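What follows is the residue order along each chain.
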Amino acid sequence: MTAAKLLSAIQRERVEKRHSAPGGSRDKANQIRAIWATGKYSSRDICAEQECAALGMSFKTARNSLIGTPKPK
């Protein structure tokens, strides 16, 4: 393995660890999806708008996390 590939692998591992950590971006995305699944909000936009600050994420990031999620029952 070349030095560049080794460095790239190490960097990729660090990024994965940071994003997957509790409170990381993947955790926050899962939290906003769980809130949406409760059925508390009538639209994804309202859900993202109301909950983004509490989760420490931007509206756009929260809204993008809800793309493709099924409507709550």
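For the structure given in this document, a descriptive report is provided here.

About the thresholds
Residues numbered from 1 in each chain as written. Predicted model: local features only at pLDDT ≥ 70, side-chain atom pairs only at ≥ 80, totals over all residues. Heavy atoms only, no water. Salt bridge = Lys/Arg side-chain N within 4 Å of Asp/Glu carboxyl O. Helix = DSSP H or I, 4+ residues; strand = E, 2+ residues; numbered from the N terminus. Buried < 20%, exposed > 50% of the residue type's maximum accessible area, 1.4 Å probe, protein only. Core = buried A, V, L, I, M, F, W, Y, C linked by side-chain atoms within 4.5 Å. Contact = heavy atoms within 4.5 Å. Patch = residues over 30% accessible without salt bridge, like charges linked within 9 Å, V, L, I, M, F, W, Y side chains within 5 Å. Areas by Shrake-Rupley, 256 points an atom, 1.4 Å probe, with all protein chains shown as cover. Axes fitted to C-alpha atoms, helices over the stretch in contact; angles between N-to-C directions. Disulfide = S-S within 2.5 Å.

It is worth spelling out the pattern of salt bridges at this point. For the coordinates displayed, the defined rule picks out three salt bridges. Note that Arg26 and Glu16 form a salt bridge whose closest N and O atoms lie 3.2 Å from each other. Highlighted residues: Arg26 in helix H2 (residues 25-37) and Glu16 in helix H1 (residues 3-20), separated in sequence by ten residues. Owing to a relative accessible area of 35%, Arg26 belongs among the partly exposed residues under this scheme.

Here we come to the nonpolar core. Judged by nonpolar contacts, Ile32, Ile35, Trp36, Tyr41, Cys47, Ala48, Cys52, Leu55, Met57, Ala62 and Leu66 together constitute the single largest core of eleven residues. When contributions to this core are tallied by element, the ones reaching two or more residues are H2 and helix H3 (44-55). A per-element tally of this core places H3 first, with four residues. Dropping the residues within four chain positions of it, Tyr41 is found in contact with Ile35, Trp36, Ile46, Cys47, Gln50 and Glu51.

So, on to a nonpolar patch on the surface. On the surface, a cluster of nonpolar side chains totalling about 330 Å² of accessible area is made up of Met1, Leu6 and Ile10. Of note, Met1 is situated in the segment before H1. The exposure class of Met1 is exposed, given its relative accessible area of 79%.

This paragraph deals with the packing of H1 against H2. Where H1 contacts H2, the two axes come as close as 5 Å, and the packing angle between them is 35°. From H1, Glu16, His19 and Ser20 reach across to H2, where they touch Ser25, Arg26 and Asp27.

The subject of this paragraph is the side chain of Arg44. By secondary structure assignment, the location of Arg44 is in helix H3. Arg44 has contacts with Trp36, Arg63, Leu66, Thr69, Pro70 and Lys71, leaving out every residue within four places of it along the chain.

In this section: the state of the cysteines. In total, this model carries zero disulfides according to the counting rule given. There is no disulfide at Cys47, and the cysteine sulfur nearest it, in Cys52, is 9.7 Å away. Relative accessible area serves as the criterion here: at 0%, Cys47 is assigned to the buried category. You can call Cys52 buried: its relative accessible area is 11%.

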